[in-house]
Every structure is written in C-alpha cells, then in structure tokens.
Amino acid sequence: MLTAECLGELRNAWLPNMTDAGLERLVSLLETGSPFLIHGCFTKAVPMGCLATHLAWHHPRTAHLTLDAGITWLHHIAHLNPATSLVLREWDCRGANDLGLRMDLLAELRQEQNQRSAIDVGRRTACPVAV
C-alpha cells in the first residue's frame, strides 16, 4: 500500500503533469509488467526507463530527451527534486516486480484516466450556450 505522503505527491505533482499519452503508456506498462519499465535508475537504454522517464518521453517539453528525460520531467515539469521524490523512491525500493505496488499505482492511474474521460465526455455533450 502506498503511504499517504506518496499518494499525495502522486496526486498533486505527478498526475496533473502527465499527458494523456504518458498516462496511457504507464497504465500499459504496469498492466503487462513490461521489461521496458525499470527501477533503480532513470534509464538503462532507450526504450527502458523508470516511471518518470516514460512520462517524459510522452510530454511535449521533454519528449526530445533521452537519458536525462526523467530527471528533467521531475524537476522542470512536476517541480520535484528527483532525489527526494516519494513516488520515485518507493518505485526504486520496491520495483516493477512488486505486484502490490503495481496494483496500487494502476488503481490511481486508472482513476485519473476515468476522471479525464468523464471531463472529455462532459465537454462533448454539453449544450452550447446561447448568446
């Protein structure tokens, strides 16, 4: 189970800064237990990266980066210190093989996807305002 502090960081700094494509990528990697999703370092070799690196590769401001993409995304996009990020520290300690961690992260990411989908549906079905 994720700590309250870790969940707070995920919800307040990570999720608001994820693109839809980055969110979809993480969900896909976590669901399949992909070997492209690593822990313990930011990048081994493209396309192998940690949570932050995959998000960075799917963000318009950091998509052009390779080895330092995750660090840059955390620092400049999510405004977190990569060395002290609670989400990243939890990921590095427990890793991709920790099924409980993967399920906890997936639950949060899917909830975010559902919220974004509901907002998009609301925008498409809203009645235009007469002027």
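Our subject in this report is the structure included herewith. As the structure is a prediction and not an experimental result, all values here were calculated from the model.

In this section: the overall build of the protein. Within the protein one finds six helices and zero strands. When the elements of the protein are put in sequence order from the N terminus, they spell out α-α-α-α-α-α. The C-alpha radius of gyration of the protein comes to 15 Å, within 12% of the 14 Å expected for a compact globule of 131 residues. When the backbone C-alpha atoms are referred to their principal axes, the protein occupies close to 55 × 35 × 25 Å. Within the protein, the fraction of its 131 residues that count as buried is 44%. Working note: accessible area of the protein is about 7200 Å², and carbon and sulfur atoms make up 57% of it. If you average the places of the 11 positive and of the 13 negative side-chain charges in the protein, the two averages end up 3 Å apart.

Turning to its location among the elements, H39 is positioned in the loop between α2 (20-32) and α3 (51-56). On the basis of relative accessible area, H39 is assigned to the partly exposed category, the value being 33%. The spatial distance from the C-alpha of H39 to the C-alpha of L88 is 8.6 Å, given a sequence separation of 49 residues. Excluding anything up to four places from it in sequence, H39 contacts W91, D92, G95 and A96.

This part is about helix α5 (residues 86-94). Along α5, the residues classified as buried are V87, L88, E90 and W91. Taken around the axis of α5, the buried residues stretch over an arc of 160 degrees, which confines them to a single face. Phi turns positive one or two residues past the end of α5, at G95, with a value near 75 degrees.

The final tally for this structure, using the stated rule, is one cavity of 30 Å³ or more. Quantified by volume, the largest cavity comes out at close to 40 Å³. In terms of lining residues, the largest cavity is bounded by L10, W14, M18, L26, L30, L51, V87, L105 and L109. For the lining of the largest cavity, the elements supplying multiple residues, two or more each, are α1 (4-14), α2 and α6 (99-125). In the lining of the largest cavity, the residues fall into nine nonpolar, no polar and no charged.

Thresholds applied
Residues numbered from 1 in each chain as written. Predicted model: local features only at pLDDT ≥ 70, side-chain atom pairs only at ≥ 80, totals over all residues. Heavy atoms only, no water. Helix = DSSP H or I, 4+ residues; strand = E, 2+ residues; numbered from the N terminus. Rg over C-alpha atoms; globule rule 2.2 N^0.38 Å. Buried < 20%, exposed > 50% of the residue type's maximum accessible area, 1.4 Å probe, protein only. Areas by Shrake-Rupley, 256 points an atom, 1.4 Å probe, with all protein chains shown as cover. Lys, Arg positive; Asp, Glu negative; His and termini not counted. Charge placed at Lys NZ, Arg CZ, Asp CG, Glu CD. Contact = heavy atoms within 4.5 Å. Arc of directions from axis to C-beta. 1 Å grid on protein atoms, 1.4 Å probe; cavity = no way out; pocket = protein on both sides within 12 Å on 5 of 7 lines; lining within 4 Å. Points joined across faces, edges and corners; volume = space filled by probe spheres on them. Nonpolar A, V, L, I, M, F, W, Y, C, P; charged D, E, K, R; others polar.

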